[in-house]
Every structure is written in C-alpha cells, then in structure tokens.
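Listed below are the residues making up each chain.
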Amino acid sequence: MIRRLLSGMLAAFLTVQLPSCAFSGNVETMLSPPRLTVEQENIYRALQAAVGSSVSLKYPKSGERLSAFTVEDLDGDGQDEAIVFYESSRSTEDENRLRLGLLAQEDGTWRAMAEYPTAGAEVERIDVEQLGTNPRKNLVIRYSVVDGANRTAEVLHYDDKALTRTLSLPYSRMSVTDLDGNGTRELLVLSGSTTSATASATVYALDESGSYLQSTAPLPETVTEISSIGYGAVPASNGIGQIPAFFVDGSSGATTAQTVVLSYADNALSLIYTDSPDRFPNTSRPAGLLTADLNGDGEPEIPVQTVFYGYANVEDGSPLSMTNWYLCRGGVLMREYSSYYAVQEGYVFLMPKRWERRVTAVPEDEEIVFYEYDPDTQKEDGSPVLRAPLLRLRTVTDPVQADTLQENGYLLIQKRGGSYYLANAESGSASLTLTQSELLFAMKYL
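The rules behind each value
Residues numbered from 1 in each chain as written. Predicted model: local features only at pLDDT ≥ 70, side-chain atom pairs only at ≥ 80, totals over all residues. Heavy atoms only, no water. pLDDT = per-residue confidence, 0-100. Contact = heavy atoms within 4.5 Å. Pairing = 2+ DSSP bridges. Helix = DSSP H or I, 4+ residues; strand = E, 2+ residues; numbered from the N terminus. Axes fitted to C-alpha atoms, helices over the stretch in contact; angles between N-to-C directions. Salt bridge = Lys/Arg side-chain N within 4 Å of Asp/Glu carboxyl O. Buried < 20%, exposed > 50% of the residue type's maximum accessible area, 1.4 Å probe, protein only.

### Comments concerning the confidence of the model for the chain
Residue-level pLDDT values for the chain average 90, and 90% of them are 70 or greater. For the stretch residues 1-25, pLDDT sits under 50, and the model shows 23 contacts to residues farther than four places along the chain or on other chains.

Below, the structure is given as structure tokens:
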C-alpha cells in the first residue's frame with residue numbers, strides 16, 4: 001500500500017503542467033464559429049458591403065493567428081489594416097473560391113480596399129514578420145489545395161493602399177525563424193523531390209533596400225517529403241563554441257527516413273552533414289523516427305536503428321530494434337545514447353552505459369523485458385543466452401489495469417494523455433540493477 005501511495009504521489013508530481021491557452025485543430029470544424037469582436041464585426045460588414053452578403057469566412061489551420069481576421073499596422077503609419085480570408089458565392093465553379101480581402105480605416109470607418117485571388121483552396125497558416133534586415137512587415141501565407149496537399153506559399157507586403165506579392169513558391173515545409181542567431185528572422189523553405197525538381201533547402205532574407213538575398217542547398221535526391229525540422233546547435237568547425245544549426249528529417253516514400261544537418265551564416269547555407277556511401281553509420285532508418293533533443297541541452301540527437309545487443313546474426317535481426325542516438329560533430333556522427341524507442345507509445349528508454357553489451361531486450365506478454373545475457377555464448381540460432389531479468393516496461397490505457405499492476409509491484413512513473421507508463425525493476429546482478437532515480441532519468445517522452 002505504501003509503495004502504491006508513493007507511486008501515485010510521484011505520478012502526480014511528474015504530470016503537473018502549467019495551464020495553457022493553446023489548442024489544436026481546425027477552427028472550421030468547431031460546433032459553432034468563434035464569436036466576432038466588435039471590431040471584427042465592423043470589418044465583416046464593410047467586407048459584405050463590398051463583395052456581397054454571401055460570404056463564408058475561412059480560418060488558418062495552424063499557427064498563432066487562427067482568426068479569419070488579421071488586424072495589424074502593416075505600413076507603420078499608426079493605423080491598422082485588416083486582412084480577411086473568405087469564400088464568396090460570386091465565384092464560378094471553375095475558379096478558386098478562396099479570396100483575400102484588404103480593408104483599411106478612413107476617418108475611423110472600415111472600408112474595403114481590394115480583393116485578391118489566393119494560391120490555394122485552404123489557408124494553412126499566416127505569419128506577419130520582418131525578414132532579414134529590412135524593417136517592413138511581410139505577410140507570409142501558406143496555402144494548400146486540399147487536405148494539406150500541393151502546398152504553395154506567398155509573401156506579400158502592404159504599401160500605398162495595396163498589397164504587392166514578392167514571392168510565390170511551392171514548399172513541403174517552411175518556417176519563419178532566426179536561423180543564424182543574429183536577432184533577425186529568415187524564411188526557410190524546404191521542398192522534396194518531384195518529377196520536375198530535386199529536393200532542396202532555400203533561405204530568403206530581405207536586405208535593407210528590400211531586395212531578397214537567396215541561398216539554396218541541395219538535399220538528397222531520394223527525399224520526396226520533409227518529415228520535420230529541428231533547431232539546435234553543433235560545435236563550431238574551429239572547436240570554439242557552437243553555431244546554430246537545423247536538422248531536416250526527410251522521407252523517401254513511406255518507409256525510409258534520413259537526416260541532413262545545415263547551418264546558415266553570412267546569408268549563405270552550408271551543408272554540415274548528409275549520408276554518403278563511405279560513412280558508417282548513416283542516418284537511414286524507418287520513417288517515423290524523428291530527430292529529438294533528448295536531454296534538452298540544445299544539441300539534437302539523430303536516431304538510427306540496429307539489432308539489440310547479444311544477437312550474432314545481424315541479417316536475421318532481433319525481436320526488438322535498438323535505437324542509437326547520434327550527435328553531429330565535425331560532420332560525422334558520434335553515438336550519445338543507446339535505447340529502446342517505443343514509437344507508438346511515445347517514449348524512449350535510455351540504456352545506462354554499464355548495460356552496453358551486457359543487457360538485451362525482448363517482448364514478453366505485452367511488455368518489454370530487459371535481461372542480462374551471457375556475452376560469450378549464443379544459442380544455435382544466434383540469439384543470446386538470457387540470464388536474470390533486470391527491468392520490465394509496460395504501457396496501458398486502462399486505469400484499473402494500471403492499479404492492478406501497481407498492486408503487483410510495478411511503479412507508475414508517468415501518466416500522459418491517457419497512457420500509464422509503468423516499470424518493475426527486478427533484483428538482478430548488483431552491478432546492473434537500476435535505482436529509481438536512474439529509471440526516472442532514463443525515460444524520455446516524445
């Protein structure tokens with residue numbers, strides 16, 4: 001009973017989170033549209049007066065600006081302008097119905113200034129940002145045709161009561177962020193290979209005169225989709241300090257992923273790491289394993305799968321895959337951790353260094369069991385000769401089952417999103433047995 005009480009207290013402590021106002025999902029799928037503010041209602045009426053009453057507002061799917069209305073002083077004159085996404089019944093069946101409306105204030109009254117066609121049928125995201133050293137505000141708008149496919153981005157700026165389009169380009173993923181740590185933001189555009197173009201990374205920044213500075217670096221031709229972008233740092237080539245870097249996880253089809261590491265400095269992209277035939281290991285791995293900063297030190301680790309310790313026939317594999325996590329140092333990979341990565345359950349168990357080539361893992365009865373094994377012998381099939389169990393890991397979603405497991409000696413180490421993460425540290429070899437603090441440190445949740 002005492003152990004169960006302590007387990008519950010520990011779980012409660014570990015799952016305390018700060019309150020958040022953020023939410024995810026599509027605004028248009030809500031049971032009712034958001035209530036308009038007084039200012040938005042005035043803008044909406046001015047829009048209807050210009051384009052007709054049959055107007056359907058359209059909402060960005062992601063980002064910080066989830067309203068159909070973007071109200072901002074776009075030209076720095078002290079007066080706000082408004083950007084509104086909507087569909088109008090005036091559109092014909094053959095044309096894109098999504099429109100962008102521009103409105104401005106005249107003598108305190110909102111008036112429609114212009115209507116613009118858009119580059120897609122859905123608004124994925126809108127950002128209002130400076131790019132590079134130029135002080136002007138830019139509208140960075142991401143569109144898709146349907147269900148997030150065939151994405152196109154546009155960059156516009158407002159001047160002299162009109163919007164000017166300065167960029168329009170396809171993309172797989174993109175972000176507006178400070179890539180080089182100089183305090184200004186750049187536009188990063190990543191594209192996978194298509195029948196007409198190879199995969200690439202391109203950075204756009206505006207100079208003080210308002211001209212784009214563009215730098216492009218090729219990505220592997222096999223990359224057809226960009227899975228994720230991670231940001232962090234890597235050691236500088238001169239060995240002094242670190243430089244900002246970003247990690248691009250790209251997929252080849254639906255089954256294979258790889259990682260490319262790049263940096264941006266002095267308005268130029270540089271390739272720090274990419275796989276090549278003469279390098280071992282490389283980052284090729286099953287799709288779904290994404291680069292992550294496991295220990296929160298700002299230097300992301302790249303996951304690469306291999307067979308677990310103790311299996312002699314590498315070609316035959318092992319019942320479970322071991323995931324090694326690598327740092328990028330001087331353009332080469334250096335192993336930082338070995339682990340068991342439960343992708344579906346969303347956790348990584350980092351194996352202690354003293355377990356290296358002494359402990360393996362096997363699936364047993366809906367849980368993962370770590371065993372000490374004999375490093376000097378194998379069974380006839382090349383599998384290890386198991387000794388004593390050291391640790392059992394189990395994830396369940398039923399609270400009654402979680403209680404039952406705790407009554408049988410399991411420790412509840414975390415509760416996240418309806419899942420209960422439990423462990424039972426066995427009393428095996430004294431040199432290999434985990435302490436509770438080691439167990440808590442070893443569990444990382446992604």
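### A short note on the sheet that holds strand S20 (residues 321-329)
Strand order across the open sheet formed by five strands is S19-S20-S21-S22-S28, with antiparallel pairing between neighbours. This sheet does not close on itself; its edge strands, each paired only once, are strand S19 (302-307) and strand S28 (443-445). Recorded for the sheet is a direction-independent mean angle of 40° between the axes of neighbouring strands.

### Remarks on the pattern of salt bridges
Opposite charge on two side chains lets them pair, provided their charged atoms get close. Under the counting rule described, the total for this entry stands at 23 salt bridges. One salt bridge connects Lys 58 with Glu 122, and the closest N-O pair in it is separated by 3.9 Å. Of the two residues, Lys 58 sits in the loop between strand S1 (55-57) and strand S2 (69-72) while Glu 122 sits in strand S6 (residues 122-129), which places them 64 residues apart along the sequence. Here the two residues Lys 58 and Glu 122 agree in accessibility, since each one is buried. Linking Asp 249 and Arg 285 is a salt bridge whose minimum nitrogen-to-oxygen distance equals 3.1 Å. Of the two residues, Asp 249 sits in strand S15 (residues 242-252) while Arg 285 sits in strand S18 (residues 285-286), which places them 36 residues apart along the sequence.

### Observations concerning the environment of Asn 150
Relative to the assigned elements, Asn 150 resides in the loop between strand S7 (138-144) and strand S8 (152-159). Residue Asn 150 is classed as exposed on the basis of its relative accessible area of 59%. Put simply, Asn 150 and Ser 172 are 22 residues apart on the chain and 8.3 Å apart in space, counted from C-alpha to C-alpha. Discounting chain neighbours no more than four positions away, the residues touching Asn 150 are Tyr 143, Ser 144 and Val 145.

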